[in-house]
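Observations on the model geometry
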Amino acid sequence: QVQLVESGGRLVQPGGSLRLSCATSGIIFSIYNMGWYRQAPGKQRELVAVLRRGDIRNYADFVKGRFTISRDNAENTVFLQMNSLKPEDTAVYYCNARRYALDRSLEEYWGQGTQVTVSS
């Protein structure tokens, strides 16, 4: 059974920092591209950051220079370090694991989300 379990979300003041974690099980973690998405109330889910095989990182423009995605293949965990947080970063943050199998079918899994609230 595949599980992605996020943690680390909480209430934080503007300008503060948080580190989100996503612990995975049931997948061969090292062969998946790992990403973080977020969804604010009334908005669509959007990509925040993705870490692809080969250590290639891509970030949404609105987090460049503030957020960093990393992974620990030994611990099957992906992280999102968030600095200089803004109220507009308030959202539920979701972990995503994605890969294309040899037959080109998409294998994709999501966590249940963790709430990040940035407010004074």
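Description of the structure in this document. Predicted, not measured: the structure shown is a model, and the values here were computed from it.

**Notes on the pattern of salt bridges**
The tally for this structure, following the rule as stated, stands at seven salt bridges. The network of salt bridges with common partners includes R38, E46, R66 and D89.

**Brief notes about unusual backbone geometry**
We note that D55 has phi near 65°; this positive angle belongs to a residue other than glycine. Structurally, D55 can be placed in the loop between β5 (46–52) and β6 (56–59). In the Ramachandran plot, R104 falls in the positive-phi region, its phi being about 75° despite a non-glycine side chain. Along the chain, R104 turns up in the loop between β9 (91–100) and β10 (106–110). Take R104: its relative accessible area is 67%, and that puts it in the exposed class.

Here is what the cut-offs are and how they apply
- Residues numbered from 1 in each chain as written.
- Predicted model: local features only at pLDDT ≥ 70, side-chain atom pairs only at ≥ 80, totals over all residues.
- Heavy atoms only, no water.
- Salt bridge = Lys/Arg side-chain N within 4 Å of Asp/Glu carboxyl O.
- Helix = DSSP H or I, 4+ residues; strand = E, 2+ residues; numbered from the N terminus.
- Buried < 20%, exposed > 50% of the residue type's maximum accessible area, 1.4 Å probe, protein only.

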